[in-house]
Amino acid sequence: MVRGGSVDRSIRRAKIFALTKGFRGRSKNCYSLAIRAAHKALQHAYRGRKLKKRDFRSLWITRISNAAQEQKMPYSMFMHNMVRLEVQLNRKILSELAIYEPRSFQALADLARRRQSKGLLNALK
Amino acid sequence: MASTRLTVLTQFVKGRYICQLQRITLRYCNKGGSSRGLREYINSNAVDFAQKNPQVVVYVRPRPYRHPSIIAEFLNGKHKAISVKNLSRAEINNKVEQLRNSSGITRKKMKRWWHTDSPSIQGVWTPFDSLPYKNY
């Protein structure tokens, strides 16, 4: 039979159940299952915060790479020349320019191309 | 990109400030101990609040044998009920001022802390931008 527990126990468990809202099946309502699910969820959240930074950067790079390819240059050449020209725009902004201000991005690509040819000429001298 | 939550909030900044609180109902019990603060508030501060804020309609409802609460109704139709059980007069004053200053928008985590009506000036990218030959 189910006996009433102490007040402290319910308060302690309520904190876990607050974390398991929306979980599937008994993991949201049964304490033994819920603590395991809650701890795993917290671990996933910890890891996810670090992965999010990586994922967004790789998304931005993919977008810049595609936009640069449209301007007939590889991503590596584009970014290398941005660095050489000391353009302080980061990948996030460059990807947003590529989407919302394509002409500006085209101008940056032309800039990168000119810097690339100048660098080539300097190397040949 | 534009954020819909912030679009609603910017409405208040655009023109003249309008107090978003429409009605406030103070529900108290004549005898209960938890209502003491609210009773004191009604006797002292409620009239001042009503006079200072003519745009807000203040209702006072006695509700016997129940804990006291305040219900706020906003111009966008949202209701907000807060329990003022065992709060002091000063705390209730703070709560009422808080309601007076708030909009009726439900609190929610901001996804984007900026808003723009014109996300793109040059026009959003289309696949046809960089094609060499226009045959469409």
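Here the structure is a predicted model, which means the values were calculated and not measured.

Q: Explanation requested: the overall build of chain A in the structure shown.
A: In terms of helices and strands, chain A carries five helices and zero strands. Scanning chain A from its N terminus toward the C terminus, one meets helices and strands in the order α-α-α-α-α. By the burial criterion, 24% of the 125 residues in chain A qualify as buried. Within chain A, contacts between residues at least 6 apart in sequence are counted, and of these 46% link residues at least 24 apart. On chain A, roughly 9,200 Å² of surface is accessible, and the fraction owed to carbon and sulfur atoms is 56%.

Q: When you look at the pairing of strand 3 (residues 69–74) of chain B in this model, what are you seeing that I'm missing?
A: Side chains on a regular strand alternate between the two faces of the sheet. All names here are of chain B. Judged by how many residues are buried, strand 3 sits mostly within the fold: six of six residues are covered. As paired elements, strand 1 (residues 21–28) and strand 3 share six bridges and run antiparallel to each other. Looking across to strand 3, one finds that Leu-21 is bridged to Phe-74. As defined by bridge partners, strand 3 adjoins strand 4 (residues 79–83) across five bridges and the pair is classed as antiparallel. Bridge pairing in strand 4 places Glu-73 opposite His-79. In this antiparallel pair of consecutive strands, strand 3 and strand 4, the connection spans four residues, and Gly-77 shows a positive phi of 90 degrees.

Q: Explain the packing of aromatic side chains to me, please; I cannot follow it from the model alone.
A: The geometry of two aromatic rings is summed up by the distance between their centres and the angle between their planes. Residues and elements named next belong to chain A. Enumeration over the complete set of coordinates arrives at three aromatic pairs over all chains. Centre to centre, the rings of Phe-56 and Trp-60 are 6.0 Å apart; their planes meet at 40 degrees, and the pair counts as tilted. Of the two residues, Phe-56 and Trp-60 both sit in helix 2 (residues 31–70), four residues apart, roughly one turn of that helix. Judged by its relative accessible area of 40%, Phe-56 is partly exposed. The class of Trp-60 is partly exposed, set by a relative accessible area of 21%. Ring centres of Phe-78 and Phe-105 lie 5.0 Å apart, and the angle between their planes is 35 degrees; this geometry places the pair in the tilted category. With a gap of 27 residues between them, Phe-78 in helix 3 (residues 75–84) and Phe-105 in helix 5 (residues 102–124) connect regions that are remote in the sequence. You can call Phe-78 buried: its relative accessible area is 0%. A relative accessible area of 2% means that Phe-105 is categorised as buried.

Q: What's the story with the confidence of the model for chain A in this structure? I'm lost.
A: Reading fine detail from the predicted coordinates is not recommended where pLDDT is low. Of the residues in chain A, 100% have a pLDDT of 70 or more, and the chain-wide mean is 95. Predicted confidence in chain A is weakest over helix 1 (residues 7–19) of chain A, with a mean pLDDT of 93, and strongest over helix 2 of chain A, with 97.

Q: Is there a simple way to think about helix 2 of chain A in this case?
A: Along an α-helix, residues three or four apart share an orientation, since each turn contains 3.6 residues. All names here are of chain A. With 40 residues, helix 2 extends 55 Å between its outermost C-alpha atoms, agreeing within 8% with the 58 Å of an ideal straight helix rising 1.5 Å per residue. At Leu-51, helix 2 shows its maximal bend, which comes to roughly 30 degrees. What helix 2 keeps buried is the set Tyr-31, Ala-34, Ala-37, Ala-38, Ile-64, Ala-67 and Ala-68. As for helix 2, its buried residues are in contact with helix 1, helix 3, helix 4 (91–100) and helix 5. Downstream of helix 2 by a residue or two, Lys-72 has a phi angle that is positive, lying close to 65 degrees.

The rules behind each value
- Residues numbered from 1 in each chain as written.
- Chains lettered and ligands numbered in written order.
- Predicted model: local features only at pLDDT ≥ 70, side-chain atom pairs only at ≥ 80, totals over all residues.
- Heavy atoms only, no water.
- Helix = DSSP H or I, 4+ residues; strand = E, 2+ residues; numbered from the N terminus.
- Buried < 20%, exposed > 50% of the residue type's maximum accessible area, 1.4 Å probe, protein only.
- Contact = heavy atoms within 4.5 Å.
- Areas by Shrake-Rupley, 256 points an atom, 1.4 Å probe, with all protein chains shown as cover.
- Pairing = 2+ DSSP bridges.
- Phe/Tyr/Trp six-rings, centres within 6.5 Å; stacked < 30°, edge-to-face > 60°.
- pLDDT = per-residue confidence, 0-100.
- Expected span 1.5 Å × (residues − 1).
- Bend = angle between axes of the 7 residues up to and from the residue.

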